[in-house]
Amino acid sequence: MLKQKLTLSAMMVGLALGVTGCQPKQAATEQAVQAKALTAADAKAFLDNAQEELFKLQVPAAQAAWVYATYINDDSAAVSAYLNEKWSSRASELAKEAAKFNNVEVDADTRRKLDLLRNSLVLAPPADAAKSERLAQLSSELDGMYGKGQYCRENGECWSLGEMTAKMATERDNDLLLEIWKGWRQVSPPMKPLYEEMVTLANEGAKELGFEDTSALWRGKYDMPANEFGPELDRTWNQVKPFYDALHCHVRAKLGEHYGTDVVPQDKPIPAHLLGNMWAQTWGNIYDLVKPEQEMKVPDVTKALNEQGYDEIKMVKQAEAFFTGLGFEPLPESFWERSQFQKPRDRDVICHASAWDIDDKDDLRIKMCIQKTGEEFNVIHHELGHNFYQRAYKDQPLLYRGSANDGFHEAIGDTIALSITPKYLKEIGLIDEIPDESNDIGMLMQVALDKIAFVPFGLMVDQWRWKVFSGEVTPENYNKAWWELREKYQGVMAPVERPADAFDPGAKYHVPGNTPYTRYFLAHILQFQFHKALCEIAGDQGPVHRCSIYGSKEAGAALNKMLEMGMSQPWQEALASLTGSPQMDATAILDYFAPLKAYLDEQNQGRQCGW
Ligand code: X8Z
Ligand code: ZN
């Protein structure tokens, strides 16, 4: 996760961009090229040079970003901001230069590369050097503020985000949960002025590239006109919404039973501190409060991992074994030497999980502060999905080293994790027996609390950011607009009135980290399409929620075929190569959970749903 998304998008999600050498020489070349009419051959030569140049800048920037993320201090901040700026400002210059070929007739492959170059940045630096440097600095500072964040109680005891995350998952005391929820949000008010300034500078850079603003830049990365992307998301969300509403209704009723309807009013959004997660984005941790009345056997992966003495490394090895079982090569020795698996005791780091590709060759790493839980076991699979994707497309030209769209990158590891079924857990010895089908509603509920509950959160984060970037939401209204969207999409509300200086979006990693978020919405839809297709290829005959593709070389080969394509084709074609259809479609997620929907509808009879 390089900062200027060398941070996330270039390294994790592919595009490798950097800065280059000597400006006078560059200018001379430009003049020479402009003197005569540009040709397709000029375009190709330009792209070859651009990719070579960017690659040279990308690697040191990635190395510096890694050092910063795993050892936050003033020096690592300065070095990583410096190298990130060198890379991103050159990427921006080249993106502008690419426009010279707008009216030159070139083949489809060249056109695609030119378009990708123009669209590759996440935060576009303005041409003015001082502004570009300031943008890199702001971006690095915001990252660090989040990474260093902690909450200190009145008695002087301080808790890290990891410690608070663990408490949110298991504690059931309203007052304590509220204290933690408010406590963590003290991290973000100081971010607000920096964020405002960053928005202004990034918009300036986006305009120079010919985009209306950063929102248009972000929405323009999906092989369709930027203005059609939002409606496409709405279409998909509307497919899922009835299911979400049913889950919301049931969860609110059960929380009302546990905490009392004065704490959880039955006609209002659910207070955000009671859902088992700091951002109320996944709800699987409150399964015990909302589970079916009838006794259900649902594997407790956290318990199994602990009973069998899994440590952090063993968890990662086990996840790697899933991929090698599909036919992927094992991770390189350097992965084990260089990754960060545990939170260091003696320094600040950015704990938020990420996967890195430092050199587009084989220097793959993950950075996590692993907790020994089933939830984190899934996150490990998520991260390794990034690494195996990165390796699969490493031989593509630099501009194609990325996922078909950013949702694909986020979906691969999750797709694999959908195969962590009871059947698989038994196969690897984590459980002794596979619960029979009478337990399926429990299992589906457990998974839906994470997957269905996430969908509106995955959508709303960038609905907010797009409005912020476009200026529709101004700084005085940052927090108000955030909570309006939380209520509208998730039916979740702030448990207490928020202070005037609150900047609650900043308490979610991806906002100060400037990682686009719509990718996770896409991933939650796509992973069910992928899982269904892979189960068919693996020849699994049973219901798709019981299918595990573990050990299927056929499924592995089909997956690899899509991963190898990188960004060389529009994502619709990559999707079709695996699933047979170019359409993103929520039918697969709805089918997966269908038995649960019938159960929820029955439970919700007589309840007043909605908010
Ligand atoms: O940020 C992540 C990954 C790293 S790309 C751990 N995720 C989102 C989040 O934590 O908010 C995965 C799902 C959503
Ligand atoms: Zn990810």
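Residues numbered from 1 in each chain as written. Chains lettered and ligands numbered in written order. Predicted model: local features only at pLDDT ≥ 70, side-chain atom pairs only at ≥ 80, totals over all residues. Heavy atoms only, no water.

## Brief notes about the packing of aromatic side chains
Here is the rule: Any Phe, Tyr or Trp ring, taking Trp's six-membered ring, that has another such ring centre within 6.5 Å forms a pair; planes under 30 degrees apart are called stacked, those over 60 apart edge-to-face, and the others tilted. The numbering of helices and of strands both runs from the N terminus, where a helix is a DSSP run of H or I of at least 4 residues and a strand a run of E of at least 2. With a 1.4 Å probe rolled over the protein chains alone, any residue whose accessible area is under 20% of its type maximum counts as buried; one over 50% counts as exposed, and the rest are partly exposed.
Following the criterion strictly, the structure yields 39 aromatic pairs and no others. Residues Phe243 and Phe593 carry aromatic rings whose centres are separated by 6.1 Å and whose planes lie at 70° to one another, so their mutual orientation is edge-to-face. Here Phe243 is found in helix α10 (residues 226-259), whereas its partner Phe593 is found in the loop between α23 (587-592) and α24 (594-603), with 350 residues between them in sequence. By the burial criterion, Phe243 is buried, and Phe593 matches it. Relative to Phe388, the ring of Phe323 has its centre 4.4 Å away and its plane inclined at 10°; by these criteria the two rings are stacked. Of this pair, Phe323 sits in helix α13 (residues 312-325) while Phe388 sits in helix α15 (residues 374-392), placing them 65 residues apart in sequence. Across the pair, exposure class does not vary: Phe323 and Phe388 are buried alike.

## What about the packing of α15 against helix α16 (residues 406-417)?
When two helices pack together, their arrangement is given by the angle between their axes and by how far apart the axes lie. Stated formally: Note on geometry: axes are lines fitted to C-alpha atoms, helical ones only across the stretch in contact, with angles between N-to-C directions running from 0 to 180 degrees. An angle counts as roughly parallel when it lies under 35 degrees, as roughly antiparallel when it exceeds 145, as roughly perpendicular when it falls between 65 and 115, and as oblique in every other case. Should the near helix be turned counterclockwise from the far one by less than a right angle, the crossing is left-handed, whereas a clockwise turn marks it as right-handed. In what follows, residue pairs with any heavy atoms lying within 4.5 Å of each other are defined as contacts. Three residue categories are used. Nonpolar comprises Ala, Val, Leu, Ile, Met, Phe, Trp, Tyr, Cys and Pro, charged comprises Asp, Glu, Lys and Arg, and polar comprises the others, including Gly.
Interaxial distance between α15 and α16 falls to 7 Å at its minimum, and their mutual angle equals 125°. Accordingly, the angle class assigned to the pair α15 and α16 is oblique. The way α15 lies across α16 gives a crossing that is right-handed. Where α15 abuts α16, its residues Asn378, His381, His382, Gly385, His386, Tyr389 and Gln390 lie against Phe408, His409, Glu410, Ile412, Gly413, Asp414, Ile416 and Ala417. Broken down by class, the residue content of the contact of α15 with α16 amounts to five nonpolar, eight polar and two charged.

## Quick notes on the pairing of strand β5 (residues 364-367)
Heads up, the rule is: We call two strands paired when DSSP finds no fewer than two bridges between them.
Residue alternation in β5 divides its side chains into two sets, Leu364 and Ile366 and Arg365 and Lys367, and both sets are buried. As paired strands, strand β4 (residues 354-357) and β5 are joined by four bridges and run antiparallel to one another. The partner of Ser354 across the bridge, within β5, is Lys367. Between β4 and β5, which follow one another and run antiparallel, lie six residues, and Asp360 among them has a positive phi close to 55°.

## Looking at the site of ligand 1
For the record, the criterion: Residues are counted as near a molecule or strand when any one of their heavy atoms sits within 4 Å of it. Any pair of N or O atoms that falls within 3.5 Å is considered a polar contact. Within protein, one atom must be able to donate a hydrogen and the other to accept it, and sequence-neighbouring residues count only if both atoms are side-chain atoms. Per-residue and other accessible areas were derived by the Shrake-Rupley procedure at a 1.4 Å probe size, with only the shown protein chains allowed to occlude residues.
Every one of the 13 residues lining ligand 1 counts as a neighbour, but Gln281, His352, Lys508, His510 and Tyr517 are closest to it. Between ligand 1 and Tyr520 there is a distance of 3.3 Å, counted from an oxygen atom to a side-chain nitrogen or oxygen. Protein chains shield 88% of the accessible area of ligand 1, which is 370 Å² for the free molecule. The greatest single-element share of the shell around ligand 1, amounting to three residues, is contributed by α15. Here the residues of the shell around ligand 1 are counted per class, giving five nonpolar, five polar and three charged.

## Some details on the environment of Val496
Tracing the backbone shows Val496 in the loop between β6 (492-493) and α20 (518-538). Accessibility expressed as a relative area gives 25% for Val496, which makes it partly exposed. Sequence separation between Val496 and Ala272 is 224 residues, and the spatial gap between their C-alpha atoms is 9.5 Å.

## Looking at the coordination of the zinc ion (ligand 2)
Going by this rule: Water is absent from the atoms considered, so a metal site may look incomplete; donors are defined as N, O and S atoms within 2.8 Å of the metal, or 3.2 Å for Na, K and Ca. The rule is simple: four donors are tetrahedral if all their angles sit between 85 and 135 degrees, four are square planar and six octahedral if opposite donors span more than 155 degrees and the others lie between 65 and 115, and anything that fits none of that is irregular.
At the metal site, the zinc ion (ligand 2) is ligated by His382 (NE2), His386 (NE2) and Glu410 (OE), and these contacts range over 2.0 to 2.1 Å. Coordination at the zinc ion (ligand 2) comes from four donor atoms whose angles at the metal span 90 to 129°, giving a geometry best classed as tetrahedral. For the zinc ion (ligand 2), the single-chain donor residues occur in sequence as H-x3-H-x23-E. Highlighted residues: His382 and His386, both in helix α15, separated by four residues, approximately one helical turn. We note that His382, like His386, is buried.

## Concerning the side chain of Glu320
Inclusion rule: Only four residue types enter the charge count: Lys and Arg as positive, Asp and Glu as negative, with His and the chain ends excluded. Here a salt bridge means any side-chain nitrogen of Lys or Arg lying within 4 Å of a carboxyl oxygen belonging to Asp or Glu.
Tracing the chain through its elements places Glu320 in helix α13. One buried charged side chain, Glu320, makes no salt bridge at all; its nearest oppositely charged neighbour is Lys317, positioned 4.8 Å away. Beyond its immediate stretch of four places on either side in the chain, Glu320 contacts Pro330, Leu331, Trp336, Leu384 and Phe388.

## Considering the state of the cysteines
Convention followed: Disulfide: a pair of cysteine sulfur atoms within 2.5 Å of each other.
Tallied over the full model, the rule gives four disulfides. Bridging Cys152 to Cys158, the disulfide has an S-S length of 1.9 Å. As the torsion about the S-S bond is roughly 105°, the Cys152-Cys158 disulfide counts as right-handed. Linked covalently through their sulfurs, Cys351 and Cys369 form a disulfide whose S-S length is 2.1 Å. A torsion of -85° about the S-S bond marks the disulfide between Cys351 and Cys369 as left-handed.

## Regarding a negative patch on the surface
Threshold: Candidate patch residues must exceed 30% relative accessible area and have no salt bridge, after which like charges are joined if within 9 Å and Val, Leu, Ile, Met, Phe, Trp or Tyr side chains if within 5 Å. Here the site of a charge means NZ on Lys, CZ on Arg, CG on Asp, or CD on Glu.
Negative charge collects at one region of the surface, where Asp432, Glu433, Asp436 and Glu437 lie side by side. Position of Asp432 relative to the elements: it lies in the loop between α17 (422-427) and α18 (440-470). Taking the relative accessible area as the measure of exposure, Asp432 reaches 70% and is therefore exposed.

## A word on the side chain of Glu312
Tracing the sequence through the fold places Glu312 in helix α13. Although Glu312 is buried, it makes no salt bridge; Lys372 carries the closest opposite charge, 4.3 Å away. For Glu312, the side chain forms a polar contact with the side chain of Gln342, separated by 3.5 Å. Apart from the residues lying within four places of it in its own chain, the contact partners of Glu312 are Phe341, Gln342, Ile370 and Lys372.

## Regarding unusual backbone geometry
Most of the time, phi is negative for any residue but glycine, and the peptide bond is trans. Unlike most non-glycine residues, Ala280 shows phi in positive territory, near 55°. Topologically, Ala280 is positioned in the loop between β3 (270-271) and α11 (287-290). Given the relative accessible area of 0%, Ala280 is considered buried. One non-glycine residue, Asp360, lies in positive phi territory at about 55°. Turning to its location among the elements, Asp360 is positioned in the loop between β4 and β5. The class of Asp360 is buried, set by a relative accessible area of 5%.

## Re the confidence of the model for the protein chain
Interpretation of the predicted coordinates at a detailed level should be avoided for regions scoring low in pLDDT. Selection criterion: Looking at any residue, its pLDDT shows the predictor's confidence there, from 0 to 100.
Per-residue pLDDT for the protein chain has a mean of 94; in total, 94% of the residues score no lower than 70. Across residues 1-29, where pLDDT falls below 50, the model places 128 contacts with residues more than four positions away in sequence or in other chains.

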